[in-house]
Amino acid sequence: MIELDALPPLIVERVELRRVAMPLVAPFRTSFGVESERDILLVNVLATANGDAVSGWGECVALAEPTYSAEYVDAAQRVTEQHLLPRLAVVETLTAADVGRMLGAIHGHPMAKGAIEAAVLDAQLRAAGRSFADLLGVTTDNGLPTQIPSGVSVGIHEQVDDLLATVQGYLDDGYVRIKLKIEPGSDIEHVAAVRELIGPDTPLQVDANTAYRRTDGQHLARLDEFDMLLIEQPLPEEDIVGHAMLAAEVETPICLDESLVSAAGTADAIDLGACEIANIKPGRVGGYLEAIRIHDLCLERGVPVWCGGMIETGIGRGANAALAALPGFTLPGDISASNRFYAQDIVTDPIRIVDGHVTVPTTPGMGFDIDADVLDSVTTTTSIIEF
Ligand code: OSB
Ligand code: MG
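Small disclaimer: the values here were computed from a predicted structure and weren't measured. (Residues numbered from 1 in each chain as written. Chains lettered and ligands numbered in written order. Predicted model: local features only at pLDDT ≥ 70, side-chain atom pairs only at ≥ 80, totals over all residues. Heavy atoms only, no water.)

K.L.:
What am I meant to see in the packing of helix α1 (residues 73–88) against helix α3 (residues 110–128) here?
P.N.:
A pair of packed helices is captured by two measures, namely the crossing angle of their axes and the spacing between those axes. Two elements in contact, α1 and α3, have axes whose closest approach is 10 Å; the angle formed by their N-to-C orientations is 55°. Accordingly, the angle class assigned to the pair α1 and α3 is oblique. For the pair α1 and α3, the crossing hand works out as right-handed. Facing Ala 76, Val 79, Thr 80, Leu 84, Leu 85 and Leu 88 of α1, the residues of α3 in contact are Ala 112, Lys 113 and Ile 116. The residue inventory of the contact of α1 with α3, partitioned by class, reads seven nonpolar, one polar and one charged. (Axes fitted to C-alpha atoms, helices over the stretch in contact; angles between N-to-C directions. Helix = DSSP H or I, 4+ residues; strand = E, 2+ residues; numbered from the N terminus. Parallel < 35°, antiparallel > 145°, perpendicular 65-115°, else oblique. Left-handed = near helix turned anticlockwise from the far one by under 90°. Contact = heavy atoms within 4.5 Å. Nonpolar A, V, L, I, M, F, W, Y, C, P; charged D, E, K, R; others polar.)

K.L.:
Just checking my understanding: could you explain the site of ligand 1 for this structure?
P.N.:
Residues in contact with ligand 1 amount to 18 residues; listed here are only the nearest, Lys 181, Asp 207, Asn 209, Ile 311 and Arg 317. Between ligand 1 and Asn 209 there is a distance of 2.8 Å, counted from an oxygen atom to a side-chain nitrogen or oxygen. Between ligand 1 and Arg 317, the relevant distance is 2.9 Å, taken from an oxygen atom to a side-chain nitrogen or oxygen of the residue. A total of 380 Å² of accessible area belongs to ligand 1 in isolation, and the protein chains cover 100% of it. When its residues are assigned to classes, the shell around ligand 1 shows six nonpolar, four polar and eight charged. Taken domain by domain, the makeup of the shell around ligand 1 includes at least three residues from each of domain 1 (4–129 + 372–386) and domain 2 (134–359). (Near = heavy atom within 4 Å. Polar contact = N/O pair within 3.5 Å; in protein donor to acceptor, adjacent residues only side chain to side chain. Areas by Shrake-Rupley, 256 points an atom, 1.4 Å probe, with all protein chains shown as cover. Domains from an automatic or database assignment.)

K.L.:
Sorry if this is basic, but what is going on with α1 here?
P.N.:
Turn by turn, an α-helix covers 3.6 residues, leaving residues three or four places apart pointing in a common direction. The largest bend in α1 is about 45°, located at Thr 80. Buried within α1 we find Val 73, Ala 75, Ala 76, Gln 77, Val 79, Thr 80, Leu 84, Leu 85 and Leu 88. Residues of α1 that are buried sit in contact with β1 (11–30), β2 (33–49), β3 (52–60), α2 (96–102), α3 and β13 (379–386). (Bend = angle between axes of the 7 residues up to and from the residue. Buried < 20%, exposed > 50% of the residue type's maximum accessible area, 1.4 Å probe, protein only.)

K.L.:
Where do I start with the sheet that holds strand β8 (residues 231–232) in this structure?
P.N.:
Spatially, β5-β6-β7-β8-β9-β10-β11 is the arrangement adopted by the seven strands of the open sheet, whose pairing is parallel. One side of each edge strand has no neighbouring strand; the edge strands of this open sheet are β5 (151–154) and β11 (305–307). With two bridges connecting them, strand β7 (residues 204–207) and β8 associate as parallel partners. Bridging across to β8, Asp 207 finds its partner in Glu 232. Together, β10 (277–280) and β11 form the strand contacts of helix α10 (residues 288–301), whose direction differs from that of β10 by roughly 165°. (Pairing = 2+ DSSP bridges.)

K.L.:
Sorry if this is basic, but what is going on with α3 here?
P.N.:
Spanning 19 residues, α3 covers 26 Å between terminal C-alpha atoms, matching the ideal 27 Å at 1.5 Å per step. Where α3 terminates, the next one or two residues include Gly 129, which has phi positive at roughly 65°. (Expected span 1.5 Å × (residues − 1).)

K.L.:
For this particular structure, what's the right way to read the pairing of β5?
P.N.:
It is a general feature of regular strands that their side chains alternate between the two faces of the sheet. Here β5 shows two buried faces, one formed by Gly 151 and Ser 153 and the other by Val 152 and Val 154. Pairing between β5 and strand β6 (residues 177–181): four bridges, direction parallel. Paired with Val 152 across the two strands is Ile 178, which belongs to β6. Crossover connection from β5 via helix α5 (residues 160–173) to parallel β6: handedness right-handed. (Right-handed = clockwise from strand over helix to strand, strands pointing away.)

In structure tokens form, the structure reads like this:
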């Protein structure tokens, strides 16, 4: 486990909540809807540590509507203001490890909790002059930057020709793994065409975002011939037993996303045979610390993991890149370049892809520095909570 005790605790002065409006370069369609613009909640913790002023940022990954998960951005802001921050404001000093513990009595809202924890951890790391990569022990000994392979998530396209043109564009960008969003009616034919385009050697996987039913086992087994890495979240999030049934019927490994919200639940899903591969998203599980616990247990049990994405800005992506350098992340993650979703990011050094790989950031903090001018230009509201 990582040495959080080495980081100085914060004396928090106030927390600023910002909402930013970020247009996407193209609409992103999944089985649960179409995203054209992200409305994102950012948490900025302003504090002192060791007597010096320090500021830390966390990105809440909740979407605008409760379609991927029950959480959505207005509710995340509301619970943060009304319930989460007031429970943290009562202590003298605060650490990232305190956040999850102190908020344990509040049910749900992992994305809101995770954003606060990330902001606190960012501030603590900055105060210590250390990077998240350094804390995780994923920097290289030889002084070279750590590189991680970069995969891309491709939205559902009505027309197969359009899908192939989009996928070809991402291959040209260098992405080493393609993930196709699927739903009934846009699955077998789409996968067959893309497999034909990319050839047998480019890793391919699909994500259904809960669009299928338990009775679709034989249908999904038709995907087996395309030699894919995995099928992600075919069934509703509560249906762990159904995923175990599909895992027995379908040769392609079943991977869980929406269903995994904690380390304990992940362990149970693995024991039940429902989770042959795990998609780890820090926001979905309540923060980076729980994400690390899930990584550790999957590594111990020999379950491959990869780092998912939630269309994050450079704030979330920088930290995800460091997380994805942990040894259990043996599959390429959805850690695409900033320009896959955004024309203009809010960090000074957006994630780029070079030769199919992303460089793990090693600047102090969680892996980014804010571009204050750009941030101001996309900010729609700011609210301040005094501690
Ligand atoms: O299911 O993985 C998902 C985006 C928003 C919500 C859910 C998902 C996704 C993606 C995009 O697939 C991944 C990314 O950020 O690159
Ligand atoms: Mg998914």
